[in-house]
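Architecture and fold: a report
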Amino acid sequence: MPASVSARPESALLEQIKNRWSREPLQHFIDNRWVENSTRETFEVVNPATEERLAVCASGGKAEIDRAVSAARKAFESGPYRKWSGRDRGKFLRRLADLVEKHAEELATLECLNNGKPIAELRAVDLPMTVEVLHYYSGWADKVHGETIQPPGNYFVYTRREPMGVCGSITAWNFPLLLTSWKFGPAIAGGNTMVHKPPEQAPLSSLRFAELCREAGLPDGVFNVVTGLGETAGEALTRHPDVDKVGFTGHYQTGQLVMKAAAESNLKRVSLELGGKSPNIILDDADLDLAVRGTLTGIFFNQGEVCCAGSRLFLPKKLHDPFLDRLVSAANARKVGDPLDPKTEQGAQISQEQFDKILGYIEKGKAEGAKLASGGARCGERGYFVRPTIFDGVQDEMAIAREEIFGPVISVLPYESLDEVAQRANATCYGLGAAVFTQNVQKAHSLAAKLKSGTVWINCYNAFDASVPFGGYKMSGFGRELGQHALELYTQVKAVWLNLGS
Ligand code: TXE
């Protein structure tokens, strides 16, 4: 990190990053070396804040996935990694955490240019949490073990917790580096090897991460990165007969394709972290300052491109006007713009496609009769910036209240009673996050129990830690990332029976 985290990234660093990644076309990182694509196919990576080309990446397909999977298989079955003890893997994860920390400013700047999110958030959230995740799983690596069981009869039984094998990982563009670490940490702690397909919109930090893995001493073939599109590289990975597991983050419809491909190939294990339409419920005794702050974080953090964004705000009639007044003035005061400016609070949306999608939902909201209380338009002339947008008077059946927008758009839904609000909050196909703001402990916990959601935040929003499981109910997916639970996705249990004689 630079001497002052309140400074812009240094211009020498910016130049160095731009020069390095604009060398074209980039290659895949397979078996600890840069590998050319088998065809001339490429895709462009754009800086969403300027709409300028940042890099040209190799568009990998079946041939590259085959090559990466065979490197990962070899490393898993017979490479030096096979001989690494859990403690060795833990030491490696610690070395990698230190290297990521050492290069944090470079990685934050690279991600800022590629993803468009504010440098301040990268320095405060994405990078520190990536380091924490690696440290956290370094601690688990030598604690993945089985149990002993004494069934009836003269037997001694023990279980072994073994790695899955070759694990595929397919991630989304909203937290490119951080999501990579969420899959990498438990996969390596569990003794697996990996083939990673980063999002085509933001693949650069994954490539740099792979280089750092090599520098930290990860043997050849253990972590491989193939850049490419979902329907080619992603599809080839999910259909590959020699991949044992795929961890996926993205849209629920893509999740369905991943499951289908897994089912039709080799029944590889699948875990899915998908979207949401998360309710944020304010009770009439809530601490208003806290609730407004939590609501802002819930919807506007990371430009609203968060799977658990609190996009449905349930407000009791009594609090409606004062709460909305505060929310609107705080939203209007948010600094939207240049992601490299450390004072910026909201950066650019990831792509033209996402930008159009969000503006399309805003038009739909207006057409369906919701009342625009703030925002509702692009910000500036260049770059994919959208003003923080608040819709009031939203009805449950409107598209903006039902569908995942994945942008800085919140719908205000008035309610009358607690029973009603719990039922309406749950009336969605999703179940990823939910929040309750109240000073009444009984109400808080009784609502928390009723909400069908993998996470419930009470008097906070978007609180995360490497040690706390995160994942979905219903169509928000299954399997838990982070915490001890994630190790279950990357290990399998073997029971060994020993006959002790009659
Ligand atoms: O997601 P996709 P996209 C939501 C959000 C957003 C929408 C579309 O609403 O507007 O999804 O975003 C890879 N087989 N979320 O199009 O397509 C793809 O290359 C295998 C919610 O980016 O799901 C990328 O690496 N892989 C979300 C990853 O899947 C395939 C985060 C995610 O892309 C594939 C992102 C296929 N057939 C978007 N097709 C969240 N829950 O956090 C695509 N991919």
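To start, this report covers the structure provided alongside it. Position numbers for residues start from 1 in each chain and track the written sequence from start to end. With the structure being a predicted model, the display of local features is reserved for residues of pLDDT at least 70 and the display and counting of side-chain atom pairs for 80 or more, all residues being used for whole-chain, interface and lining totals. The basis for every side-chain value is the complete set of non-hydrogen atoms in the structure, without hydrogens or water.

**Concerning the packing of aromatic side chains**
Our working definition: For Phe, Tyr and Trp, rings pair up if their centres lie within 6.5 Å, where Trp contributes its six-membered ring, and each pair is then called stacked (planes under 30 degrees apart), edge-to-face (over 60) or tilted (otherwise). When a residue's accessible area, from a 1.4 Å probe over protein chains only, is under 20% of the maximum for its type it is buried; when over 50% it is exposed; and in between it is partly exposed.
Per the stated rule, a full pass over the model turns up 19 aromatic pairs. On the basis of an interplanar angle of 50° and a centroid distance of 5.9 Å, the ring pair of W84 and F92 is categorised as tilted. You can call F92 buried: its relative accessible area is 0%. Ring geometry for W457 and Y461: centres 4.7 Å apart, planes at 35°, overall tilted. The two residues W457 and Y461 agree in class, both being buried. Among the aromatic residues, those joined into a ring-pair cluster are Y81, W84, F92, F184, F209 and F223.

**Regarding the sheet that holds strand β18 (residues 455-458)**
Short version of the rule: In short, DSSP must find at least two bridges between two strands for them to pair. Elements are defined by DSSP. Helices are runs of H or I of four residues or more, strands are runs of E of two residues or more, and each kind is numbered from the N terminus. For helices, the axis comes from a line fit to the C-alpha atoms of the stretch in contact; other axes are also lines fit to C-alpha atoms, and the angle between any two N-to-C directions lies between 0 and 180 degrees.
Spatially, β14-β15-β16-β13-β12-β17-β18 is the arrangement adopted by the seven strands of the open sheet, whose pairing is mixed. Two strands in the sheet have a free side with no partner beyond their single neighbour: β14 (371-374) and β18. On average, each strand axis in the sheet is inclined to that of its neighbour by 25°, with strand direction left out of account. Note: strand β12 (residues 279-282) against strand β17 (residues 433-437), three bridges, orientation parallel. Residue pairing for β17: N280 is matched across the bridge by A435.

**Regarding the site of the ligand**
Note the cut-off: Whether a residue is near a molecule or strand depends on its heavy atoms: it is near if one of them lies within 4 Å of it. In the analysis that follows, any N or O atom pair within 3.5 Å is treated as a polar contact, provided that within protein one partner can donate a hydrogen and the other can accept it, and provided that, for residues neighboring in sequence, both atoms belong to side chains. For the area figures, the Shrake-Rupley method with a 1.4 Å probe applies, and any residue is considered shielded solely by the protein chains shown. Under the scheme applied, nonpolar residues are Ala, Val, Leu, Ile, Met, Phe, Trp, Tyr, Cys and Pro; charged residues are Asp, Glu, Lys and Arg; polar residues are all the others, including Gly.
The full set close to the ligand counts 25 residues, and W173, K197, E200, T254 and K357 are the nearest of them. At 2.9 Å from an oxygen atom of the ligand is found a side-chain nitrogen or oxygen belonging to Q354. Within the complex, the protein chains bury 90% of what would otherwise be the 810 Å² of accessible surface of the ligand. Elements represented by at least two residues in the shell around the ligand include exactly α8 (230-239), β10 (245-249), α9 (252-264) and α12 (352-367). The greatest single-element share of the shell around the ligand, amounting to three residues, is contributed by α8. Here the shell around the ligand is composed, by residue class, of nine nonpolar, eleven polar and five charged.

**Description of the pairing of strand β11 (residues 269-273)**
Cut-off, in case you're wondering: Handedness of a crossover is defined as follows: with both strands directed away from the viewer, a clockwise route from the first strand across the helix to the second makes it right-handed.
In terms of burial, β11 is largely enclosed, as four of its five residues are buried. With five bridges connecting them, β10 and β11 associate as parallel partners. Directly across from F248, in β11, lies its bridge partner L272. For the crossover that starts at β10, traverses α9 and ends in the parallel β11, the hand is right-handed.

**A word on the nonpolar core**
To keep things clear, this is the line we draw: Residue types Ala, Val, Leu, Ile, Met, Phe, Trp, Tyr and Cys, when buried and joined through side-chain atoms within 4.5 Å, form a set referred to as a nonpolar core. Bear in mind that the domain bounds are from an automatic or database domain assignment. In what follows, residue pairs with any heavy atoms lying within 4.5 Å of each other are defined as contacts.
With 102 residues, the main nonpolar core has F92, L96 and F184 as its most contacted residues. Considering each element in turn, this core owes the most residues, nine residues, to helix α5 (residues 119-140). Residue-level mapping places this core at the junction of two domains, with at least three residues from each of domain 1 (11-274) and domain 2 (279-466). In this view, F92 contacts W84, F184, I188, C213, A216, G217 and L218; residues no more than four positions away in its chain are not counted. F314, I358, V386 and A401 belong to the second largest nonpolar core, which has 27 residues in total.

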